[in-house]
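Residue-level structural notes
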Amino acid sequence: MSSFKKYSQEFITKNLHFYLVDFKGLVVDSNASFMPRVVNKNITSIHPFFECFSSFADSLEKEIVFNCVHLETNEKLFITDVQFVRKEKEVLVVIQDFTQHYTTYQEVAQARNESIINSELIVLKNKELQEREEFKNSFIQNFSHELRNPLTSIISLTKLLAETDLIGPQKEMINFLLESNSNLKLMLEDVLSISTIASNKLQLQEKAFNLNKLINLLEFTYTAKAKQIGVEFSLKTIGKIPEIVEGDRLRLFQVLTNLLDNALKFTEEGSVSLLVSLNQTRANKANIRFLVEDTGIGIPEKDQESIFESFKQLNNCGKTDGTGLGLAIVSGLLQKMGSKIKVESVVGKGTKFFFDITFKIPLKTKKTVVSKNIDKELLSAIKSKNIKRFKLLIVEDDEQVQTVLFKVLINTDCFYIDLINDGSKVLQEVVNNSYDLILMDVNLPNVLGNHVARLIRDFPMDSINKIPIIGLTANVFNNQEKGYIKDGMNAVVSKPFDTENLLETILRHLK
Amino acid sequence: MSKSKKIVVLGHFGVGKTSLIRRFVSNSFSDKYLVSIGVHITKKVVEISPTESLSFVIWDLEGTDEIDTIRDAYLLGTHGALFVFDVSRPSTFQNLKEDLKIVTAKMPKVPVLIIGNKIDLVVEKELKELLKEHNIDYNFLTSAKTGSTVDTAFLELAKELNV
């Protein structure tokens, strides 16, 4: 044998093992390679894998291949391809050792499968968390909704009580109650806001509004607030800020008041400032930066991201009053408005919160597009009882709210009031009486208030279908106010309502 | 000498086929997931009664999310099969009916038991509701980790094959 043949033969046989087997499975011959050399024994004695031989031995026509078979012999594992080839009187079994090749394949498969399984588990986990979050938000919304009616009564009755003759300690107690009520209302609003944002139910009310007036209002309010705690407040505008812009005034106001309140809360000395600057104007859009800066205690760098999480309050000198939702609300609202809150802070020196918003500038900024001011003269006329009495129909099923409405309205001495508590009786009442206005809860038994409004608007008599209807609702989600207006209500007042606001709204719609 | 029966264990990857076999054959378990490629063959003698036993040659087939890609050669001469899914991963049982159709087409007349594995990871009541909702029929719910119902499933197959 030549050297070449000898060496190449050695190499070939190293990874190849042959068994020559008769049709009963008896090994006739075998080479000496990586598998045991067996002769005159049944092939099944080598490994249980070969028990399959009996199932096809008789029917084997040409050959059959088993890929990637794990064969363990003498405590050593080989990953092999096994080929059974039919010969004249025997079957040739060819075993090729591909351990190295298949081990590499196994590593690739391991990485692939682990990655797929992990992604599946993440998707499942996310789904579960999302379901929990939805349940939580829905629970908070329903619970808050239920809280609104009793809170309306508490706030309104406390205000009425404050107007009665009280002796010294009673006045103090009432003042304390008023302040606590106000805090409770704010906290409830915070919880409602965050759950509405989190459940993606918040819809922006984009309308034209006077941005200058909003800035002036903030300046007026926060100069006074800052003075109370011995801190300076300043407001500066840079560039030509458009007077009228289109956007959600209420939500912008909410963002800025949250940031300013927060700044005042954590500034014991020094100043808080609001800077409003025009970044750029293009076509009919203006990009405006709002920056709230304070000289307060500052936020450590490691906490600068987590402060925007719900219920997150840093351990700051015991100033942990409030819900801890302010910055989460700010972040959520700005995200909804297509903006993002940014923070720069140095511990002990102060903090800057800023964001940029692009507003549309309405082509015609007539004064009529901005909400009318309330007719203060008429309101004082109502309060001074100098005008004729109006006839009101109140439709409300909650006894506490009924009592509050009665007290508030009777107190003005301007109204004759009828009261019913069932939506199905409204039409009959308005046909049999002559009302100047209907004040109606939305969530009524039998027929919902907005459905009643629709029936009234469709009524074929002008004296009835033109009666102003003001809705009362504790359900302030999903932009439902618009729907109620579309159903025929002239205005909607949310519970818990502010007495002044309720009177103003009634007044605005009386002929 | 006991009769020899070839059993194939198949299903999607990561459902715990190898762990089930290891629990049945050597009563052991490892939390570490090691992907099986190709086929591993082990043997175990199963006592059906004090006088009867079967020798199971168990083929642990590489898991795949496309059952029709299983190599036909692996299924030659199969006497019984266990189709395993992972109760904690819906993707492994969402298409169970279609997967079983493929298995039955590849191995007509071979008894197939359906095993939902990893019940230690879920709440059994919720799982049963989920399976009912997905209209999933199964024979056994097992846990290779705790050993729950593993022997029962293999023994049931042994009894079916001994008829």
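Residues numbered from 1 in each chain as written. Chains lettered and ligands numbered in written order. Predicted model: local features only at pLDDT ≥ 70, side-chain atom pairs only at ≥ 80, totals over all residues. Heavy atoms only, no water.

1. Looking at the domain arrangement of chain A
Domain boundaries assigned for chain A yield domain 1 (3-97), domain 2 (103-198), domain 3 (207-368) and domain 4 (372-509). A straight line from the C-alpha centre of domain 1 of chain A to that of domain 2 of chain A covers 70 Å. (Domains from an automatic or database assignment.)

2. Some points on the packing of aromatic side chains
In the structure shown here, the tally under the stated rule is 25 aromatic pairs over all chains. Relative to Phe84 of chain A, the ring of Phe49 of chain A lies with its centre 6.3 Å away and its plane at 40°, an arrangement referred to as tilted. Residue Phe49 of chain A is found in the loop between β2 (27-30) and α2 (53-56), and its partner Phe84 of chain A is found in strand β4 (residues 76-86); the two are separated by 35 residues along the sequence. On the basis of relative accessible area, Phe49 of chain A is assigned to the buried category, the value being 0%. Given a relative accessible area of 0%, Phe84 of chain A falls into the buried group. Ring centres of Phe308 of chain A and Phe353 of chain A lie 6.2 Å apart, and the angle between their planes is 80°; this geometry places the pair in the edge-to-face category. Note that Phe308 of chain A is positioned in the loop between β10 (285-294) and α7 (326-336) and Phe353 of chain A in strand β12 (residues 350-360), a separation of 45 residues in sequence. Phe353 of chain A carries the same exposure label as Phe308 of chain A, and that label is buried. Members of the aromatic cluster, joined through ring pairs, are Tyr19, Phe49, Phe50, Phe53, Phe56, Phe66 and Phe84 of chain A together with Trp59 and Tyr74 of chain B. (Phe/Tyr/Trp six-rings, centres within 6.5 Å; stacked < 30°, edge-to-face > 60°. Helix = DSSP H or I, 4+ residues; strand = E, 2+ residues; numbered from the N terminus. Buried < 20%, exposed > 50% of the residue type's maximum accessible area, 1.4 Å probe, protein only.)

3. A closer look at the nonpolar core
In this structure, Phe49, Phe50, Phe66, Val82 and Phe84 of chain A together with Trp59 of chain B are the most contacted members of the largest nonpolar core, which totals 59 residues. Tallying contributions element by element places strand β3 (residues 63-73) of chain A first for this core, with five residues. In this structure Trp59 of chain B touches Phe49, Cys52 and Phe66 of chain A together with Lys6, Ile7, Val8, Val9, Val39, His40, Ile41 and Tyr74 of chain B, once residues within four positions along its chain are discounted. Of all hydrophobic cores here, the second largest spans 47 residues; its members include Val231, Phe233, Leu260 and Phe353 of chain A. (Core = buried A, V, L, I, M, F, W, Y, C linked by side-chain atoms within 4.5 Å. Contact = heavy atoms within 4.5 Å.)

4. A look at the pairing of strand β5 (residues 112-117) of chain B
Residues and elements named next belong to chain B. Within β5, five of the six residues are buried, leaving the element largely enclosed by the surrounding structure. Crossover connection from strand β4 (residues 80-86) via helix α3 (residues 96-106) to parallel β5: handedness right-handed. Handedness of the crossover joining β5 and strand β6 (residues 140-141) through helix α4 (residues 124-133): right-handed. (Right-handed = clockwise from strand over helix to strand, strands pointing away.)

5. Describing the interface of chain A and chain B
Taken together, the contact between chain A and chain B spans 27 residues of the former and 25 residues of the latter. Around 2200 Å² of area is buried between chain A and chain B when both sides are counted, 65% of it from carbon and sulfur atoms. Along the contact surface separating chain A from chain B lie three salt bridges. Our count for the chain A to chain B interface comes out at 13 residue pairs in polar contact (both at pLDDT 80 or more). If you list the elements that add at least two residues to the side of chain A that touches chain B, you get α2, β3 and α3 (99-162) of chain A. It is α3 of chain A that contributes the most residues to the side of chain A that touches chain B, 13 residues altogether. Partitioning the side of chain A that touches chain B into residue classes produces 16 nonpolar, seven polar and four charged. By the bridge criterion, two bridges tie β3 of chain A to strand β2 (residues 39-47) of chain B in an arrangement that is parallel. Of the residues in β2 of chain B, the one forming a bridge with Val69 of chain A is Val39 of chain B. (Buried area = accessible area lost by both parts, 1.4 Å probe. Salt bridge = Lys/Arg side-chain N within 4 Å of Asp/Glu carboxyl O. Polar contact = N/O pair within 3.5 Å; in protein donor to acceptor, adjacent residues only side chain to side chain. Nonpolar A, V, L, I, M, F, W, Y, C, P; charged D, E, K, R; others polar. Pairing = 2+ DSSP bridges.)

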